[in-house]
Amino acid sequence: MTSSPSSSKQTEVERITKELQAGAQHGSALELLLQRAQLYADLGNEDKAKSDISQAAALAREPDASAASVAAVEKAFRKISVSNAGGLSAVGAGKYATHTNDAIVDSVVKFVAESLSPEDSARDIAEAVGVLSGRIAQSKRGVSLLTESQLCQLVDAFHTICERVSLAKDQDELAAALAGSVRSALSQLAVPIATSDGKEADISSLVKVAAAIAETWERHQNDGHFKQQTCRLGAALYTTAAYALSTHEASQNDSVLSEVVRRSFAFCVSQLWLVGTLPVATVDEYRDVGQGILRLLTANRPLFLSLFVTCTPAIERLLTLLGQPSGSGRRSMAMLIASQLVASAKDPSNSSHLPGYEPPTARGGAPALALTKLQQCVVRVLDSWVQSTAQAERTQGLLAIAALYESGVGSDLVAELWLQSGWVGELWDQGDVDLKSTQLALLALADASSSDAAVGPRMKKAGNGLVQELVRKGSSKSATSEDRGLAELAAVVLAKWSGVASTPAAAPEHGVVEAVPTEDADPMVLADMHMQRIIDLLASSAEPDCAAVERATEALGYLCLQPKLKEHVAQNESLLKGLFSFATKSTVASLKFSVIMLVRNLTQYRVVLTEEQKRMRQLQQMGAKAQNKAASAKPVEEEDQALDAPERVSARAQLVSKAGAVSLLVSAVQPRMSPSDSVRDAVAEIAVALATTQGLRGLLVQQGGVRALLSILTSDAPKASAAPYAPQALVQSRDKHVAFALAKIAISVPPHLAFADPRELVRLLLSLLLEDTDAQALLMKFEALLALTNLASAQPGSAGDVRGYLANDLNGFAIVEMCVLSEHPLVRRAATELVCNLVYDPQVFEKYAANSDRGIPDENSRIIELPSDDEDVGAYRSQRLHLLVALADVEDVPTRSAAAGALAVLSSDPRCCRYLFLVHPRAADVLVALADDNGEVAPDFKHRVAVVWANAASCGDTRVADKLRQQGVVESLQGMANDSNMPYYAAAKSALESLSPNI
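Thresholds, definitions, all that
- All chains use their own residue numbering, which begins from 1 and follows the written sequence.
- Only residues with pLDDT of 70 or above have their local features reported here, since the model is predicted, and side-chain atom pairs are shown and tallied only from 80 upward, although totals for entire chains, interfaces and linings are computed over all residues.
- Values shown for side chains rest on all heavy atoms present in the structure; no hydrogens or waters enter the calculation.
- By the criteria applied, helices consist of DSSP H or I runs no shorter than four residues and strands consist of E runs no shorter than two, each listed in order from the N terminus.
- For every residue, the accessible area obtained with a 1.4 Å probe (protein chains only) is divided by the maximum for its type, and the residue is called buried under 20%, exposed over 50%, and partly exposed between those limits.
- In this analysis, two residues are considered to be in contact whenever any of their non-hydrogen atoms come within 4.5 Å of each other.
- In this description, accessible areas are obtained by the Shrake-Rupley approach with a 1.4 Å probe, and a residue is regarded as covered only by the protein chains that are shown.
- The rule for a salt bridge is simple: a side-chain nitrogen of Lys or Arg has to be within 4 Å of a carboxyl oxygen of Asp or Glu.
- A cavity here means a set of 1 Å grid points, computed over protein atoms only, where a 1.4 Å probe fits but cannot escape. A pocket is an open set with protein on both sides within 12 Å along at least 5 of 7 lines, and lining residues have an atom within 4 Å of a point.
- Grid points are joined across faces, edges and corners, and a volume is the space filled by probe spheres set on the points.
- Only Asp, Glu, Lys and Arg are considered charged in this grouping, and only Ala, Val, Leu, Ile, Met, Phe, Trp, Tyr, Cys and Pro are considered nonpolar; every other residue, Gly among them, is considered polar.
- Working rule for helices: expected span equals 1.5 Å times residues minus one.
- Note: the arc covers the axis-to-C-beta directions of the helix.
- For this analysis, a nonpolar core means a set of buried residues of the types Ala, Val, Leu, Ile, Met, Phe, Trp, Tyr and Cys, connected via side-chain atoms within 4.5 Å.
- Between the rings of Phe, Tyr and Trp (Trp by its six-membered ring), a pair exists once the centres lie within 6.5 Å; its type follows the angle of the planes, with under 30 degrees stacked, over 60 edge-to-face, and the other angles tilted.
- As a reminder, the over-ring test applies to NZ of lysine and CZ of arginine, requiring each to be within 6 Å of the ring centre and within 35 degrees of the ring normal.
- Disulfide: a pair of cysteine sulfur atoms within 2.5 Å of each other.

Draft legend 1. Up close: the overall build of the protein chain. When you go through the protein chain residue by residue, the secondary structure sums to 51 helices and zero strands. Counting over 999 residues, the protein chain shows a buried share of 51%. Considering only contacts in the protein chain between residues 6 or more positions apart, those separated by 24 or more positions represent 71%. Total accessible area on the protein chain is roughly 45200 Å²; 51% of this is exposed by carbon and sulfur atoms.

Draft legend 2. Broad picture of the side chain of His 530. One can find His 530 in helix H24 (residues 523-539). Overall, His 530 belongs to the buried group, its relative accessible area being 4%.

Draft legend 3. Focus on the pattern of salt bridges. Tallying each qualifying case throughout the model produces 35 salt bridges. Between Arg 734 and Asp 677 there is a salt bridge whose closest N-O contact spans 3.1 Å. Taken together, the residues Arg 734 in helix H36 (residues 733-748) and Asp 677 in helix H33 (residues 677-692) connect sequence positions 57 residues apart. Where Arg 829 meets Asp 892, a salt bridge forms, and the shortest distance between an N and an O atom there is 2.9 Å.

Draft legend 4. Region of interest: the layout of surface pockets. Looking at the second largest pocket, its volume works out to about 1200 Å³. If you go around the second largest pocket, you meet 43 residues; those closest to its centre are Ser 326, Glu 406, Asp 447, Glu 550 and Glu 554. Counting residues per element, the ones that place at least two in the lining of the second largest pocket are helix H15 (329-345), helix H17 (391-406), helix H21 (436-449), helix H23 (481-497), helix H25 (546-559), helix H28 (589-603) and H33. For the lining of the second largest pocket, the leading source of residues is H28, giving nine residues. Class assignment of the residues belonging to the lining of the second largest pocket gives a composition of 20 nonpolar, 14 polar and nine charged.

Draft legend 5. Geometry of helix H31 (residues 646-658). Here H31 spans 18 Å end to end across 13 residues, near enough to the 18 Å set by a 1.5 Å rise per residue. Within H31, the full set of buried residues consists of Val 649, Ser 650, Arg 652, Ala 653, Val 656 and Ser 657. For H31, the buried positions fall inside an angular range of 160° around the axis, keeping them on one side. Opposite the buried face of H31, by more than 90 degrees, sit the exposed residues Glu 647 and Lys 658.

Draft legend 6. Spatial organisation of the nonpolar core. Counting residues in each nonpolar core, the largest one holds 295 residues, and the members touching the most others are Trp 273, Trp 418 and Trp 949. The greatest single-element share of this core, amounting to 12 residues, is contributed by helix H11 (residues 255-276). With near-sequence residues (within four places) excluded, Trp 273 lies in contact with Cys 268, Tyr 286, Val 289, Ile 293, Phe 308, Ala 314, Arg 317, Leu 318, Leu 321 and Ile 337. Counting residues in hydrophobic clusters, the runner-up holds seven residues, among them Val 13, Ile 16, Leu 32 and Ala 49.

Draft legend 7. Quick peek at the packing of aromatic side chains. For the coordinates displayed, the defined rule picks out 10 aromatic pairs. Centroid distance Phe 304 to Phe 308: 5.6 Å. Interplanar angle 20°. Geometry classified as stacked. Remark: Phe 308 and Phe 304 occur in helix H13 (residues 301-308); sequence separation between them is four residues, near one turn of the helix. When its relative accessible area of 1% is taken as the criterion, Phe 304 is described as buried. Between Tyr 405 and Trp 418, the aromatic rings sit 6.2 Å apart at their centres with planes inclined by 65°, giving edge-to-face as the arrangement. Here Tyr 405 is found in helix H17, whereas its partner Trp 418 is found in helix H19 (residues 415-419), with 13 residues between them in sequence. By relative accessible area, Tyr 405 is classed as buried at 10%. Counting every residue linked through ring pairs, the aromatic cluster contains Trp 217, Phe 226, Tyr 238 and Phe 267. Note that Arg 295 overlies the ring of Tyr 243, its terminal NZ or CZ placed 4.0 Å from the centroid.

Draft legend 8. Representation of the state of the cysteines in the model. Here the structure, examined in full by the defined rule, presents zero disulfides. Free cysteine: Cys 231, not disulfide-bonded; nearest cysteine sulfur from Cys 268 at 9.0 Å.

Spelled out as structure tokens, the structure:
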């Protein structure tokens, strides 16, 4: 059965979307956007086609965009004709393609003035607007395509269409297209802030547009329909006009311009924000308003804050949007705005436009004025809502406070509420009689604030009883669906509260009777309840309730922060298998995240401490014990440490992997899931934990873990395809975790099986070698060196040989040499083993051999001062060989073995032989000591030394042979040549024949 054309086009759309989500480069992204725009146009999806063309146009306007990119966008505007699907964005080549801008603007104005039939003329005018939009997109940033008069005429035309009581679909879309064209033209007039290249003509145009907007709105100040229409269709136009003006203000010392900017910002705050966020606005229209408000905030923070924090209706509207149910698109945007407002208000300098502002002094000063005013208004509004007898208003207030904590700004804005006498107690006392919807909001607040050190304990102390009662009620046989929904969230709250310390007992307030504290719920009982809930949901014949599974998993994840519960949950194989399978197949990103966080908590190792950090911790424990604070906690702490010991964590990692955790991780970071940074970060951390267990590394490779890890690297991570350059230390913690996990895998798994191209890993691992010297960084260095040693073990000259790429193309040999000099014995050992593999590369080999036999001193001379590699002198250069001899004489046996191996390879060159036996004062003695070693690795040592002696004996310099005979080498060789079963027999026999041919 063949697929339909529309089906194949939709498939192609999905393919392009995946490529874009994977992070296409600038030029590639522009091309992909234009391709997808054409497909959307063919499928009749006008809005998405418009969006893609707009994004492509934005890319084409960037400073580094090529002329070809601009031409491609222009061509797309001329080619794509969404009107075939009934839309208005007809931008194909038509009669307007050759018209001047004046002619096009005149046509638009005439159409609007004469109110011609939309059926016949709207699409025709849309073609004109499309041509104009294409020209604007093609024009360079800072170049005004439209004159002041043309801009004002188009703005007036937009307003005229919006005046109509009821707009036909074509008229509505034409108004949006007009607003979009003007917005694009105004964007071209914006200049980078704090520059002085603004032109008087551009400023004049922007001022006139602002005046036209203000005049029209003043004329319609009592026309609610007009305001809604213009805000709905022109939010981006209005905010762009204000933003463009503000970019010129910084470079123009003009009080008149500053006043125009202030009025434009005030209009957006007091009119656009209030009207454009009314309930009648669609999600897309609300998004345009929210994005515009955020843009103005970033353009001029002091001005925006001075207007917003003094406008109580604006703050109330923001809180109203925050008070919407969780999952609302409006609520998410409001949370973003709230977080940005607080972040800006925290900076005292951003309060400079407010009356009473005093610049901060070196000694500090009062809190930021803008933040103080914002706090006062927020607290006043939310307190009145929460204390209200109207359940809808109380619910709204509780949800708004919860949203503030979810945004991370709750402690900044509403901390004063919790300090009010009896406020928390009244909150929960009233909760007993609240409607279920209000109780749900109260639980949402308890959930969101549980991690706040100041609020969590207070909420737990006051609400523990009611929350446990809600759990019991929802678990009864007579419970309604609403009761069960409350019980699920209440159980999540109890799980989070299980890690919250209770507030210390305090003297009761005068006249207040303290309630008897409710005993905390048993964490083990809570864990069993959530596990059983998940099992029951997954076993139901109907489609499992995804939201309920997510809530129970989230609660279980919090409980698994306690070591004893980690063991309990990890051993429930049926639970983990069912949950992981369900989450792997699910396309709900939030569910996957909850399950991934559960896996993370089950498999997390304790942080590696340096010796100094360990001593500091011991001192802290001793101090606490001296104050009788740690006496009762010591057995619990010791038990927790035992349960989180590496071997116990490794056992849990094996259990979750057996249950299907790896497949879950891989599915969570697929492009179709559009994984968030939080998901990617968690997956990288879990991968390190799983790869720490050697037996799981092959499983990670088999189930696609390597590809998944490479796909979540940030844009800062080094790429193998990039031009060769010296690696730099990784900046993002996620990249470090990915590199660390891949290093562990590369240690145990043959590179040709684990990696399609080992080079993509080499640069990452070299970057790990540049990490700091704390305990974790040293561990990363050590394992990265082991991985590189394995990668550099391929047959020289084979397709998988990365020695030259590692050492020469990336200049990695210099980094490896730094590690050879490390004070840490394990790092030094691993680096020496890597050098032993790298010397097979001709260029690395030459670094050791070049000039090593120059200026050989007399027999009785001591070794001379070594010149640097940069000095072009005749003296020998023996730093590297000298270091290898020193490493062959250290106490660490593996280091000696690796150094001896490198010397064995290098001794194949007569220059190195002459250096070792005619220059270095101790090389011959060190080699004899290695040959006489009787330890477990004696055969390996003897083999390496025998190779060196064989190469030296046949190097063609009789002085070297004489030196060997003087050292008693012949006797040692005779002993080695007596056993033909040993690996060193052939080399010893060859050396003996060269030194004593008569034997």
